[in-house]
Amino acid sequence: MDKRKCKKCDTEFNVDENDHIFYERIGVPTPTFCPVCRNQQRMLFRNFKTLYKRPSSKSGKMIISMYNPDVPFPVWDISEWWADDWDAISYAIDLDLSIPFIKQLGELSDKTPRYSMMNTKSNNCEYSNMTYGANNCYLVFGCVENENCDYGHIVWYSRDCTDNLYVRKSELCYECVDCLESNKLLYSQECESCVDSIGLYDCRGCVNCIGCVGLRQQSYNIFNKQVSKEEYQEFLTKHPISDEASVIYILNKKEELRKKMPARAMFGSHNENVSGDHIYNAHNIEQCFDVKGGENSRYCYTSGNLIESYDISFNPDVQYSYQLLASMRSTNLISCHLVTDSSYSYFSDACINIKNCFGCCGLRNKEYCILNKQYTKAEYEKLVPQIIENMNKSGDWGNFFPVWMSPFAYNESIANEYMPLKKEEAIALGFRWRDDIPHTKGQENCEYKDLPKNSEEYKDENLLNKILKCESCGNNYKFISREIAFYKRIKLAIPTKCFNCRHQERMNKRNPRILNEVNCASCGNITKTTYPKEKHNQYRIYCEDCYKKEIN
Ligand SMILES: [Zn+2]
Ligand SMILES: [Zn+2]
Ligand SMILES: [Zn+2]
């Protein structure tokens, strides 16, 4: 076991025998940055929700785009980018091995057109980004096969859900984090198959429960105590959730309870030999987070069906790959972004169905290309080892695209959602920062206290024209019609904060994706957990075996 010190954050990280085997097999040097800094660098290239109105660089029509109008490269409307009337090969650059390869790649990247948003097979989702097969979704980022969902991040296969984070296969959920297969579940976290419930944590198969923790297959429980149906109704009459004070009361009581109950060190199931959090159906997975399906992989985030891959963020179905962001159905890729249905390619961006390509941008259905230029197989195979040698010398081989190539400032990218930094901290770490993130201020035309309190009065004519001031950041926010109908249907209080603040509060409910060692509060054995060290005394953190003995 080698101990290394991260060149960016000074944290110690381990490089063990399996790591060395992996790096040697794919032919990259051992990393100089720790896994957390490596993921941070990849996330800097992903912008979900900082959206701009700008003209398409092709047609001039006004579009919604994740790229600020001042980025160097042309930004085209999605349909213009996907049209067959152009080929990115026409932007090719002649390889010059006397200058750093990454510099030439930057040049190509600065002139090749990009699509404005990453939305595929979706309808009426123009204010959402990274959607696939979705209908009528507003401000949902990372949105797969949803219908009528608003305000969320990683909401998949769901209907009529508002304000959620990491929610799958659910309906009518509100303010849920890491919940699955639930219906009309509100203000809950880490729950599965729960119905008509409020403020639950780590519950499964519960119906009509309020403020409970660690329950299985229960109904009519309030703060983990069995009540009658009448008592339950009485509680809701006394504490209606249309009153924000009731929600705060329930969540505070639930939090007290959470501190008394066994806290699961990591969430997941059907695993063998794994470490991380939110891991399902996996074996031999280390330091992975939000991974569904995988084997022999490490340092992967929000991905699925992984085989022998390291350093993967937001990629389903990849094998034998390293340092990928948002690429899918691909094999043997190194340092690629938005590359799909591809193989044996390196340092490429926004390419589809490529094979044996190096440093390409926007290509479709190509083989043996370097910097978008077509070569013969023999030429390609002769040049690639020389490029790798060039990149090894400059220290770029084995890393993701360098920070300077990201089209996003730190606070435009999702890096700032998962690892929030202050402006000064981001700049000290070498990231850019934007002071002009789109927002409105000072346009409010009413005060929150003047809004209707009775959900029966939530109507478009009362609320659609209202502009409010967020009680947290002071920016303006307003409502859409479907959202108003949702609050009315569930009888919820109208939010006092803007979408960005609501989203960040949900993000903050999740533990950071960093592992710490803790002594199990039951058996004393050392186990790994995402609970940060300062919280180890607040919760009774149990290892998986002890947790299963006590909870299920
Ligand atoms: Zn680091
Ligand atoms: Zn706000
Ligand atoms: Zn234990």
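That block above? That's the structure.
Here the structure is a predicted model, which means the values were calculated and not measured.

A.B. asks: How would you explain the coordination of the zinc ion (ligand 3) if you had to name every residue and give the values?
C.D. replies: As a benchmark, a tetrahedral metal site with four donors has ideal angles of 109.5 degrees, while an octahedral site with six donors has ideal angles of 90 or 180 degrees. Around the zinc ion (ligand 3), the protein supplies C520 (SG), C523 (SG), C543 (SG) and C546 (SG) as donor atoms, at distances of 2.3 Å. Coordination geometry of the zinc ion (ligand 3): the four donor atoms subtend angles of 102 to 116° at the metal centre, consistent with an arrangement described as tetrahedral. One chain supplies every donor to the zinc ion (ligand 3), and in sequence these donors are spaced C-x2-C-x19-C-x2-C. Side by side, C543 and C546 carry an identical accessibility label, which is buried.

A.B. asks: Provide a residue-level description of the state of the cysteines, including the pertinent values.
C.D. replies: Here the structure, examined in full by the defined rule, presents zero disulfides. Free cysteine: C191, not disulfide-bonded; nearest cysteine sulfur from C194 at 4.6 Å. Here C191 falls in the buried class, since its relative accessible area comes to 2%.

A.B. asks: I'd like a description of unusual backbone geometry, backed by residues and values.
C.D. replies: Within the chain, H278 stands out as a residue other than glycine whose phi angle is a positive 55°. Among the structural elements, H278 can be located in strand β19 (residues 268-307). Relative accessible area serves as the criterion here: at 8%, H278 is assigned to the buried category. A positive phi angle is found at N305, which is not glycine, with a value near 50°. Relative to the elements of secondary structure, N305 occurs in strand β19. Overall, the relative accessible area of 44% leaves N305 in the partly exposed class.

A.B. asks: Before we move on, can you summarise the nonpolar core with the specific residues and values?
C.D. replies: Counting 104 residues, the largest nonpolar core has F101, L105, F347, F358, I370 and Y418 as its most contacted members. No other element matches β19, which puts eight residues into this core. With near-sequence residues (within four places) excluded, I370 lies in contact with I93, L95, F101, F358, C360, Y375, Y380, L383 and I387. Counting residues in hydrophobic clusters, the runner-up holds 48 residues, among them C470, C501, Y531 and I541.

A.B. asks: Could you give an account of the coordination of the zinc ion (ligand 2), naming the residues involved and the relevant values?
C.D. replies: For the zinc ion (ligand 2), the full set of protein donor atoms is C470 (SG), C473 (SG), C498 (SG) and C501 (SG), and the range of their distances to it is 2.3 Å. Of note is the zinc ion (ligand 2), whose four donor atoms meet at the metal with angles of 106 to 118° in an arrangement that counts as tetrahedral. Linear spacing of the donor residues for the zinc ion (ligand 2) on their chain is C-x2-C-x24-C-x2-C. Here C470, found in the loop between β28 (468-469) and β29 (476-477), pairs with C498, found in the loop between α11 (481-490) and α12 (499-509); they are 28 residues apart in sequence, far enough to count as distant. The exposure class assigned to C470 is buried, which follows from its relative accessible area of 2%. What makes C498 buried here is its relative accessible area of 5%.

A.B. asks: Tell me about the pattern of salt bridges, residues and numbers included.
C.D. replies: The final tally for this structure, using the stated rule, is 36 salt bridges. Put simply, R114 and D349 hold a salt bridge, and the shortest N to O gap is 3.4 Å. Taken together, the residues R114 in strand β6 (residues 114-115) and D349 in strand β25 (residues 349-358) connect sequence positions 235 residues apart. Given a relative accessible area of 10%, D349 falls into the buried group.

A.B. asks: Provide a residue-level description of the sheet that holds strand β17 (residues 225-226), including the pertinent values.
C.D. replies: In space, the five strands of this open sheet follow the order β13-β14-β15-β16-β17, with mixed pairing throughout. The sheet is open, and its two edges are formed by β13 (183-186) and β17, each paired on a single side. Looking at chain direction, strand β15 (residues 207-210) and strand β16 (residues 219-222) are connected through three bridges and run parallel. Residue V207 lies in a different strand from β16, and its bridge partner there is S219. Helix-sheet contacts for helix α5 (residues 229-238) involve β14 (195-198), β15 and β16, and the interaxial angle to β16 is about 50°.

A.B. asks: Account for the pairing of β19, with residues named and values stated.
C.D. replies: Sheet analysis places β19 next to strand β20 (residues 310-313), joined by three bridges and oriented parallel. Across the sheet, residue R298 finds its bridge partner in β20, namely Y310. When β19 meets strand β21 (residues 316-319), the two strands line up parallel, connected through three bridges. When the sheet's bridge partners are listed, G304 is paired in β21 with P316.

A.B. asks: Quick rundown of helix α1 (residues 17-26)? Include the residues and the values.
C.D. replies: Because an α-helix packs 3.6 residues into every turn, residues spaced three or four apart end up facing the same way. Three or more residues of α1 are buried, namely D19, H20, F22, Y23 and I26. Take α1 and look down its axis: the buried residues cluster within an arc of 160°, on one side only. Exposed residues pointing more than 90 degrees away from the buried face of α1 are listed as E17 and E24. Put simply, D16 is the residue that caps the front of α1, since its side-chain oxygen is 3.0 Å from the backbone nitrogen of N18. Note on α1: the residue one or two positions beyond its end, G27, has a positive phi of about 75°.

A.B. asks: Can you lay out the pairing of strand β11 (residues 162-168) for me, pointing to particular residues and giving the numbers?
C.D. replies: Most of β11 sits out of view: six of its seven residues are buried. In this sheet, β11 lies alongside strand β10 (residues 150-156) in parallel orientation, the contact comprising five bridges. When the sheet's bridge partners are listed, H153 is paired in β11 with L165. Sheet topology places β11 next to strand β12 (residues 177-180); three bridges connect them, and they run parallel. Residue pairing in the sheet places R168 in a bridge with L180 of β12.

A.B. asks: An account of the side chain of S128 is requested, with residue identities and associated values reported.
C.D. replies: Tracing the backbone shows S128 in the loop between β7 (119-120) and β8 (129-132). Engagement of the side chain of S128 in a polar contact is seen with the backbone oxygen of C137, the distance being 3.0 Å. Ignoring anything within four residues of it in the chain, the contact list for S128 reads M117, N119, C137, Y138, L139, V140 and F141.

Cut-off values and rules
Residues numbered from 1 in each chain as written. Chains lettered and ligands numbered in written order. Predicted model: local features only at pLDDT ≥ 70, side-chain atom pairs only at ≥ 80, totals over all residues. Heavy atoms only, no water. Donors = N, O, S within 2.8 Å, 3.2 Å for Na, K, Ca; no water. Tetrahedral: all angles 85-135°; square planar, octahedral: opposite > 155°, others 65-115°. Buried < 20%, exposed > 50% of the residue type's maximum accessible area, 1.4 Å probe, protein only. Disulfide = S-S within 2.5 Å. Helix = DSSP H or I, 4+ residues; strand = E, 2+ residues; numbered from the N terminus. Core = buried A, V, L, I, M, F, W, Y, C linked by side-chain atoms within 4.5 Å. Contact = heavy atoms within 4.5 Å. Salt bridge = Lys/Arg side-chain N within 4 Å of Asp/Glu carboxyl O. Pairing = 2+ DSSP bridges. Axes fitted to C-alpha atoms, helices over the stretch in contact; angles between N-to-C directions. Arc of directions from axis to C-beta. Polar contact = N/O pair within 3.5 Å; in protein donor to acceptor, adjacent residues only side chain to side chain.

Interpretation in functional terms is not warranted from these geometric data alone.
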